Each structure stands twice: as structure tokens, then as C-alpha cells.
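These are the residues of each chain, in order.
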Amino acid sequence: MKRRTALTTAAAALAAPALALGAAESAQAQTAFARGADISSLAKSEAKGGVYMWADGWKEDAIWILQKSGVNWIRLKVWVNPADGYNNKTHVVNVAKRARAAGMNVLVDFHYTDTWADPGAQTKPAAWANYSVAQLKTAVYDHTRDVLGAMVAAGAAPQMVQVGNELNAGMLWPTGRYDQLDNLAQFLISGANAVRATVPAAKVMLHLAEGGNNSVFRWFFDAMKARGVTWDTIGASYYPYWHGSLSGLQSNLNDMASRYGKPVYVVETAYPFNPGDRDGFGNIISASTPVSGYPASYAGQQNMLTAIANVVKAVPNGRGAGVFWWEATWTAVAGNGWDPYDPNSKNGWENQALFDFAWKATPALKTLGTL
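Keep in mind it's a predicted model, so treat the numbers as computed, not measured. (Residues numbered from 1 in each chain as written. Predicted model: local features only at pLDDT ≥ 70, side-chain atom pairs only at ≥ 80, totals over all residues. Heavy atoms only, no water.)

Draft legend 1. Broad picture of the overall build of the chain. Looking only at helices and strands, one finds 11 helices and 10 strands in the chain. Projected onto its principal axes, the C-alpha positions of the chain cover 50 × 45 × 40 Å. For the chain, with 371 residues in total, the buried portion stands at 57%. Of the roughly 13300 Å² of accessible surface on the chain, a fraction of 52% belongs to carbon and sulfur atoms. Counting 31 positive and 27 negative side-chain charges, the chain places the averaged centre of each group 5 Å from the other. (Helix = DSSP H or I, 4+ residues; strand = E, 2+ residues; numbered from the N terminus. Buried < 20%, exposed > 50% of the residue type's maximum accessible area, 1.4 Å probe, protein only. Areas by Shrake-Rupley, 256 points an atom, 1.4 Å probe, with all protein chains shown as cover. Lys, Arg positive; Asp, Glu negative; His and termini not counted. Charge placed at Lys NZ, Arg CZ, Asp CG, Glu CD.)

Spelled out as C-alpha cells, the structure:
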């Protein structure tokens, strides 16, 4: 089940009943194992009253809690024209500036849509709905360069950029869908060209879901390579309750690193610290033991993260480059729900954040920061 599909299903069921680092320092930081956290929901959480605490109850800026815990990368998604006004250029620039001021690297994740992009949904932005292939290529380039240019101007240039999100079924449907590979390749080339023109030092990442599915990864990357797409790093989503065994993840990452000679990242993962929920909205993962041997508990969350990191670190030739926890700060704050079109929507993910139902950092945050 894909994440957005799961969120939609849950909603339906409920309704029924230091600023910029110097160049040398930045290059050195990029060689370290990425201990990353996606905090795309943070700006909206803070605006709606969300607070973040250490385990002893001491309140602090979430970015500094992450940084002091050892997190060295943050990830931020970008939507084109989101209905709620978040995950847009302005908020990405502002949060990236804060992360860079804390000495962390930044990965920007372009979705090329107004809302969620994943294997089950890759809807064109409303403003691009009637564009031709040529117009879409230009729009991808211009949007990418616009956001990155604003980051550069603000002293918050990213170190890595995702061109598309969970691209298993393509992007900009139907024009760039999985059965329109020539078009898809042109869109990815356009986005990568914009990255290299605007932030030449940044690495270009291509990202798929289903991290344990080697056949999909081979099909996609072979098809893109044959069509002239180039990339610097490979990203995989791996949610252990959806995407197969740890051994399958290991086999796939090993193959990707060897086959294409590029660093590989688990750029999205998560696991629950509790099977319950805090906001009265059924969570996406609510089993007491979502994966055998790993209960939904503080220890289970820690142990699963350690197991995934061990897989990445075991990729040969040092090409296992890092792990990012997805939506580490998405706690159950009223008004910060999953649906940007519905201000009354709720979360469904708060039991997989790295802050618990009392807003305190879970032990897995320290685990992430010491990988």
C-alpha cells in the first residue's frame, strides 16, 4: 500500500464512522554518513502551535534538538502551488536557512505537483495541466531553478537535490507516466540541468519507492540511463512493513551501487514507537508488531532504525551513504493534517515521528544521530 493511498483510505474510514558552511567544510560534511531527517511538516506545525522537547521536558527549537542529537542532514519537499501555502518556495527557503545556520546539510525534494507525489499519484500542478511536452520541460526547469535560486540568494544552497519523488510510476501524469518513458526522461534531464545550472556543487538524486524491489529499480534506472538521464546518487524509500525484507533491501542497494557506481541512500524510512494514536485519527500503521521481532515501542523503533542503517553501511565500497527518517517532526498538532486542501484533516503518522505523544524526543532520535 502506498503512503498517500493509505492516508486517503484512513480518512475515508474515519468519515464513515552558522549560516552557510565554507566550501571545504561542506565537502567534508558530505562525505560523512548522512544521519538525516525529513522535516517538511515542521513549518506548519510551528505555525499551528507545535512544540518540541528533549526527553526531560526542556523545550527547544526542533532543528537544534535534531542537530544537537547528531542529525547532520535535513530533507524538505517542495510543491508547486499547495493549497495550504506550505511546502512551497518561501517555507523551504526559511527552514533551509535555519538548518544551514545549525551546520546541517540540506536535501531538497521536488515533487512537481501541488500535493503528494508517490507511486500512486503524480498529478500535474493545476497551472501545468494543459501543457505540451515542451512546455512541461520548460516548467520543470523554471520551477527547479526558481526555488534553488531563492535558496542560493538566501545563503541556504542545498547540497543535494531530488528531481522527482518516488518515481516508480513516472511523474506529471499522464504525459510522463511509466508508459511514456521518453517524456519522463526529458523531464528528468530538464530538472537535473536546472540543478546543475543553479547549484553546480549539489548532487542530483533520483528516488524510487519499494527499496526491496530490485526488478523495479533495474527497470527504471536502465531505462533512464538508455535515454540520456544522468544522476549522482540513488535514493530509496524503505518502509519495512510495506517494502519487503531487510535482506531484500540489502540485495537491491548492493546491486544499485555496483551496477551504476553511485552512492545509495535510504532517503525515507520510519517505524512506530507506539501502536496507538494521539489525535483520534486512525494511524497508517497501528499493529502492535508491524514487523516480526520489532514491536511498536521505543526499543522497536530504535532497533529497526539500527537494522536499516546496518544494511546501508554494509553496501560494498563505502557506497552506502546514509539514512533519512521520514517526517521526524510530524506530531499530532491540530491543523497540521495530511491533506493540504482540508484544514481539518489530521495526521495518521504521529506514532512514527521522532517526538512522542508528549512532544518529547524518542530514544530513536539519539540512535539516528549516532549512526
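Draft legend 2. Structural context of the sheet that holds strand 4 (residues 160–163). The eight strands lie next to each other as 1-2-3-4-7-8-9-10, forming a closed barrel whose pairing is parallel. Each neighbouring strand pair of the sheet contributes to a mean axis angle of 25°, computed without reference to strand direction. Pairing geometry for strand 9 (residues 264–269) and strand 10 (residues 320–325), over four bridges, is parallel. Across the sheet, residue V266 finds its bridge partner in strand 10, namely V323. (Pairing = 2+ DSSP bridges. Axes fitted to C-alpha atoms, helices over the stretch in contact; angles between N-to-C directions.)

Draft legend 3. Local environment of the pairing of strand 2 (residues 73–78). Summarising burial for strand 2: six of the six residues are buried, a large majority. Pairing of strand 1 (residues 34–38) with strand 2, which is carried by three bridges, proceeds in the parallel orientation. Across the sheet, G36 pairs through a bridge with W73, a residue of strand 2. Bridge analysis of strand 2 against strand 3 (residues 105–110) gives six bridges, and the strand direction is parallel. Directly across from K77, in strand 3, lies its bridge partner D109. Handedness of the β-α-β unit built from strand 2, helix 5 (residues 89–101) and strand 3 comes out right-handed. (Right-handed = clockwise from strand over helix to strand, strands pointing away.)

Draft legend 4. Quick look at the side chain of N183. Tracing the chain through its elements places N183 in helix 7 (residues 181–198). A relative accessible area of 18% places N183 in the buried class. Setting aside anything within four residues of it in sequence, one finds N183 in contact with V133, T175 and G176. (Contact = heavy atoms within 4.5 Å.)

Draft legend 5. Summary view of the nonpolar core. Within the largest apolar cluster, 103 residues are counted, with the highest numbers of intra-cluster contacts made by L188, F221 and M224. In this structure, M224 is in contact with L181, L184, A185, L188, V229 and W231, ignoring residues within four places of it in sequence. Grouped together as the second largest cluster of nonpolar side chains are nine residues, A34, Y265, V267 and F324 included. (Core = buried A, V, L, I, M, F, W, Y, C linked by side-chain atoms within 4.5 Å.)

Draft legend 6. Broad picture of helix 5. Between its first and last C-alpha atoms helix 5 spans 18 Å; for 13 residues at 1.5 Å apiece the expected length is 18 Å, and the two agree. Regarding helix 5, the residues found buried are V92, V93, V95, A96, A99 and R100. Positive phi appears at G103, one or two residues downstream of helix 5, with a value of about 85°. (Expected span 1.5 Å × (residues − 1).)

Draft legend 7. Just the packing of aromatic side chains, in detail. Applying the stated criterion across every chain yields a total of 22 aromatic pairs. Aromatic side chains W326 and W330 sit 6.0 Å apart centroid to centroid with 80° between the ring planes, which places their arrangement in the edge-to-face category. The rings of W79, W116, Y239, Y241, W242, Y271, W326, W330 and W349 are connected pair by pair, giving a single aromatic cluster. Lying over the aromatic face of F33, K313 brings its terminal NZ or CZ to 5.0 Å of the ring centre. (Phe/Tyr/Trp six-rings, centres within 6.5 Å; stacked < 30°, edge-to-face > 60°. Lys NZ or Arg CZ within 6 Å of the ring centre and 35° of its normal.)

Draft legend 8. Spotlight on the packing of helix 7 against helix 8 (residues 214–226). In contact at an axis separation of 10 Å, helix 7 and helix 8 are set at 75° when each is read in the N-to-C sense. By the angle class used here, helix 7 and helix 8 are roughly perpendicular. Taken together, the residues of helix 8 that come into contact with helix 7 (itself represented by L181, L184, A185 and L188) are W219, F220, A223 and M224. A per-class count over the contact of helix 7 with helix 8 returns eight nonpolar, no polar and no charged. (Parallel < 35°, antiparallel > 145°, perpendicular 65-115°, else oblique. Nonpolar A, V, L, I, M, F, W, Y, C, P; charged D, E, K, R; others polar.)

Draft legend 9. The arrangement of the packing of helix 8 against helix 9 (residues 246–260) in detail. Axis separation between helix 8 and helix 9 bottoms out at 10 Å; the angle between their running directions is 20°. Relative to helix 9, the element helix 8 is oriented roughly parallel. Considering only the axes of helix 8 and helix 9, their crossing is right-handed. Two secondary-structure elements touch here, helix 8 through N214, F217, R218, F221 and D222 and helix 9 through N252, D255, M256, R259 and Y260. Residue composition of the contact of helix 8 with helix 9, by class: four nonpolar, two polar and four charged. (Left-handed = near helix turned anticlockwise from the far one by under 90°.)

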